[in-house]
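The lines below spell out each chain.
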Amino acid sequence: MGEILANATTILLFGIAYAMLLFIISVGLSITMGLMGFVNLAHGSFAMVGGYVTVTLVSGEGVHFLLALVIAFVVVALLGVILEKSLYRWIYRRPELDQVLFTIGIVFMSVAAVTFVWDNNPRNIPTPDLPGFLTGNLDLGFTQFPAYRAFMILAGGVIVAALFYGLERTRIGAQVRAAVDNRRMAESCGINTTMLFTLVFALGSGMAALGGGLGIQILGGLKPTFAFDFLVIFLIVVAVGGLGNIRGTFFAALLLGIIDYAGNYFLPSGGGFFIYGVTFIVLLLRPQGLFGKAG
Amino acid sequence: MNAVVDSGRPMLETRGLRKNFGALEVARDVDFTLHAGARHALIGPNGAGKTTFVNLITGALDASGGDVFLNGDRITHVSEAGRVKRGLVRTFQINTLFTGLTVLENLYLAVSEHAGVAARMLRPVGSRPKVVAEAMHLLEMLQLQDDAARLITELPYGRQRLVEIAIALALEPRVLLLDEPAAGVPSAESHIILDAISGLPEEIAVLIIEHDMDVVFRFAEKITVLVSGAVLATGTPDEIGSNAEVRSVYLGEGHHA
Amino acid sequence: MADANMTPQPSPAVQQLLRRHRFRVVELLPWIAAIAVFYLFPGYRLLATQVLVLILFALSVDLIVGYAGIVTLGHTAYFGTGAYAAALLARPEWQETLWNVGAQPLVGIAAGTVAGALLGLISGWIILRTRELTLLMLTLALTFLLHELAKDIDGLTGTLITGGFDGINFTMNPILGIFEFDPIFYSTNYWYAFAVLVVGFLIVRTIVNSPFGATLVGIRENVRRMHAVGSPVQRRMLMVYVISCAIAGLAGAVWVQVQDNVTIAVYEFELAGAILIMVILGGTGRLYGAFIGVLVYMILENLTETVLGTDPPYWELVVGGALVLTVLFAPRGLLGIGEDVSTMLGRKRR
């Protein structure tokens, strides 16, 4: 009995840690897609670049892991602004097909660029390079839990809380909500949605980078194909949660993260099956996503 | 102007038609009747729910409650396409055309659908010259024949509005809903559209949504005023013109604008 | 309103619409080129055979993406299902149970076509009720689902079915009992793929030039207007979806038959992405865009890897750059550029 409880708790906690990672990376994608109604498949590229910046700073330059995450956030947020202003804005009004292909093109190029800069070998942050409190296990009494994953859950919780506060309580947050709800209406109320979008895009890219850095230890290393390998999972979280809906993205990440982890735990071969099955069923029953607005 | 008398037979009827988006009510228990051969106008201030009402009638929107009848048949749950097949046809307030196609191709799509040949896939378009000829014939009726080979996007807005009407006529409507047919057309060109509307076959029951009061009073024999999704008044132009409530709500609002 | 007394003027617009389906001499070019390639580049026959099959696959994608405007990233679901249908039928261990007809190529492509169509009918019925991102995600989820299934079904059931990552090897019987597949010079394989492409192409060409094909373009151009002219849009979309999936299944079946093996690569998302890229490179909604797109893509890939190598991923840079540039500057693809150039030349001549 005790063992079952310990197992269940472990699966749940590992699942939640993974879910937090999914949330941190996907939430920016969800808001930008909800805001501009355009399909962006290249979001994972920002996470990937964030991961590489982090790993380089920590292992190469000896920068503290947490500081490296902050730097990755800033660097990639700036990169996001540059890309948004120079390339993305040309395709907002284009048909969906153009957006899909354009952003796939960006993914391809980012994979190439990352390989040119960092090469093909998988990267990891060696344990000694991590701050002490992120290594080893926490003793929960009935089971052991890796400190890094506990930190992941904690960081996820803080970010969720900050985002909810920012969106519900600040003026910018209210503007974002209004623009997601009805962009034309928001514009006629004097909200500068172009500016708003650049801002949200930067924030979303930065969050993705943060996730990319945090995820290295959880996803078992970093490869240049990251942007392709995880492209679908981020999109699934966004679609299942409902476009532009932070709460939806959160619960979708939780649902899919736990299911994916549990699936792979119980069925090491064939476990990947579940996440797609669940996605299919959810979107079938609620095409607008769990928390999306109907119609 | 054709002197058309209401034959008294209701062609289109709504009973208690309702629509709400969450807490927002955009149509409140609308009872409305359009008689055979009618020339009826629907007016109301901006945001009164006129286009929503049209969308509810055509089935582009699902009603939250109430019923729609066409020629006595309850069509509340008939699909949008099914209603068109029964003769309930509309034009759009904002041009809704196949912009990447030529004018003739636009008409062709409507005619082939109406003729019931649009699902055939084994023989080419060219194997049925009659359908194409019919599309051309409609363009001639509205004097669009010289534009037949041009893309919709190459046409001035006013002529695009005419294509909207030509497509509607291709579907041989029994009831025609014209959603602000002259909207966005420079006044110098609007007479072309008004002439086209005046020339509509008498047997079609026409409901026109219009802002321009000159047009409404020239064209309509009956007027319904919609305010905040509910019918405020229905009557002849004279009755509506002298209705105090209408004047205060509607004309008063017009005064501000 | 139909006025029988009107004598329709032979206006150019009418003539153009009536004659659009007629064959033009220039349409022979790709076929002559395909025949020439067989003799001129015997060393590249396997690649050339793959190109022919991919053109058929690209045509099936163009039918829904380019003509009907349904954006999918998961058409490998149907290509792969057709591939596995043909491959499973041809599995040596099962031949006795299958009355020894499983390895007949024509039986295989019939099965692939039917399998693609059936899956298209069931999944399309669900998928086409959604739009935009949700539709895109459902097509993706289906492909990934089938990919996982093909990879893991052996482990889950404890029997050898798909062979997991390694796939299945098999030997096809001669076509109609006469023409033997040729694993060295690929000559029969090439002509087999060629013949299937000709048939598939004629089917697609007939469909896009029909009134049904015209309604597909109508759906792409303006769905709201299609509803308003009384078109049962949902049914039309499902119809073209099933046809497209059948052709994708056919292509998948031929793909594995000419190579004597199947692996889970046929279900991979990369292939779904690549085929979409090929279609847009060539030009969507243009029939011959599929030919040009596939050819350019395959040649570009080969050239890049031969000249620059594969280690730093130059190919990703090239294909990504090509994609971005195409979307930004030539959204109608290479054929679109060709059309523009020919109109310009035409004007000059006048």
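Each value, and the rule that gives it
- Residues numbered from 1 in each chain as written.
- Chains lettered and ligands numbered in written order.
- Predicted model: local features only at pLDDT ≥ 70, side-chain atom pairs only at ≥ 80, totals over all residues.
- Heavy atoms only, no water.
- Helix = DSSP H or I, 4+ residues; strand = E, 2+ residues; numbered from the N terminus.
- Rg over C-alpha atoms; globule rule 2.2 N^0.38 Å.
- Buried < 20%, exposed > 50% of the residue type's maximum accessible area, 1.4 Å probe, protein only.
- Contact = heavy atoms within 4.5 Å.
- Areas by Shrake-Rupley, 256 points an atom, 1.4 Å probe, with all protein chains shown as cover.
- Lys, Arg positive; Asp, Glu negative; His and termini not counted.
- Charge placed at Lys NZ, Arg CZ, Asp CG, Glu CD.
- Core = buried A, V, L, I, M, F, W, Y, C linked by side-chain atoms within 4.5 Å.
- Pairing = 2+ DSSP bridges.
- Right-handed = clockwise from strand over helix to strand, strands pointing away.
- pLDDT = per-residue confidence, 0-100.
- Buried area = accessible area lost by both parts, 1.4 Å probe.
- Salt bridge = Lys/Arg side-chain N within 4 Å of Asp/Glu carboxyl O.
- Polar contact = N/O pair within 3.5 Å; in protein donor to acceptor, adjacent residues only side chain to side chain.
- Axes fitted to C-alpha atoms, helices over the stretch in contact; angles between N-to-C directions.
- Phe/Tyr/Trp six-rings, centres within 6.5 Å; stacked < 30°, edge-to-face > 60°.

### Regarding the overall build of chain A
Counting secondary structure elements, chain A contains 12 helices and two strands. Going residue by residue from the N terminus, the α and β elements of chain A occur as α-α-α-α-β-β-α-α-α-α-α-α-α-α. Compactness check: chain A gives a C-alpha radius of gyration of 19 Å against a globular reference of 19 Å for 295 residues, within 12% of the reference. Projected onto its principal axes, the C-alpha coordinates of chain A cover approximately 60 × 45 × 35 Å. For chain A, the residues scored as buried account for 57% of the 295 residues in total. The long-range share in chain A, meaning contacts at least 24 apart out of those at least 6 apart in sequence, stands at 76%. A total accessible area of about 12,200 Å² is found for chain A, and carbon and sulfur atoms account for 66% of it. Taken as two groups, the 15 positive and 13 negative side-chain charges of chain A have centres that lie 13 Å from each other.

### Concerning the nonpolar core
In this structure, A:Y88, A:L214 and B:L104 are the most contacted members of the largest nonpolar core, which totals 280 residues. In terms of residues, this core owes the most to one element, helix α10 (residues 233–257) of chain C, which gives 17 residues. Ignoring sequence-local partners within four residues, the contact set of A:L214 consists of A:L21, A:I24, A:F65, A:L69, A:Y148, A:F151 and A:M152. One finds B:M11, B:A38, B:L177 and B:A205 within the second-largest nonpolar core, a separate group that totals 25 residues.

### Some thoughts on the pairing of strand β8 (residues 205–209) of chain B
Consecutive residues of a regular strand have side chains that alternate between opposite faces of the sheet. Residues and elements named next belong to chain B. Within β8, five of the five residues are buried, leaving the element largely enclosed by the surrounding structure. Judged by which residues are buried, β8 turns out to be covered on both faces: A205, L207 and I209 on one side and V206 and I208 on the other are all buried. Both strand β7 (residues 175–179) and β8 contribute to a ladder of five bridges, which runs parallel. When the bridges of β8 are listed, V175 appears paired with A205. A crossover connection joins β7 to the parallel β8 through helix α6 (residues 187–198); in handedness this β-α-β unit is right-handed.

### Points about the confidence of the model for chain A
Summing up the model confidence of chain A, the mean pLDDT is 89 and the portion of residues at 70 or higher is 98%. Helix α3 (residues 65–86) of chain A holds the highest mean pLDDT among the elements of chain A, 95, whereas helix α7 (residues 183–188) of chain A holds the lowest, 81.

### Re the pairing of β7(B)
All names here are of chain B. Within β7, five of the five residues are buried, leaving the element largely enclosed by the surrounding structure. The side-chain alternation of β7 yields two buried faces, one formed by V175, L177 and D179 and the other by L176 and L178. Where strand β6 (residues 88–90) and β7 come together, three bridges link them in parallel fashion. Within β7, the residue paired with R90 across the bridge is L177.

### Focus: the interface of chain C and chain B
Taken together, the contact pairs 37 residues of chain C with 44 residues of chain B. Summing both partners gives a buried area of about 3,600 Å² for chain C against chain B, and 68% of it is carried by carbon and sulfur. Where chain C touches chain B, the interface holds three salt bridges. For the salt bridge of B:E164 with C:R225, the shortest nitrogen-to-oxygen distance reads 2.9 Å. The tally of links between chain C and chain B comes to 12 residue pairs in polar contact (both at pLDDT 80 or more).

### Structural notes on the interface of chain A and chain C
One widely used convention gives an interface's size as the accessible area the parts lose upon coming together. Of the residues lining the interface, 45 residues belong to chain A; the matching set on chain C comes to 43 residues. Seen at the junction of chain A and chain C, the total is three residue pairs in polar contact (both at pLDDT 80 or more). Among the secondary structure elements, those contributing two or more residues to the side of chain A that touches chain C are α4 (96–118), α10 (231–241) and α12 (272–285) of chain A.

### As for the sheet that holds strand β5 (residues 73–74) of chain B
Residues and elements named next belong to chain B. Sheet architecture is open: four strands sit in the order β2-β1-β4-β5, paired in antiparallel fashion. Each end of this open sheet is capped by a strand with a single partner; those strands are β2 (24–35) and β5. Inspection of the sheet shows strand β1 (residues 10–21) paired to strand β4 (residues 65–70) by five bridges, in the antiparallel sense. Its bridge partner being in β4, E13 is matched across the sheet by F69. Sitting on the sheet, helix α1 (residues 50–58) touches β1, β2 and β4, and the angle it makes with β1 is about 115°.

### Overview of the packing of aromatic side chains
Applying the stated criterion across every chain yields a total of 45 aromatic pairs over all chains. A centroid spacing of 6.2 Å and a plane angle of 75° characterise the contact between A:F133 and A:F151, whose relative ring orientation is edge-to-face. Here A:F133, found in the loop between α4 and β1 (137–139), pairs with A:F151, found in helix α5 (residues 147–169); they are 18 residues apart in sequence, far enough to count as distant. Grouping aromatic residues by their ring pairs yields a cluster made of C:W31, C:F38, C:Y39, C:Y190, C:W191, C:F194, C:F201, C:Y288 and C:F291.

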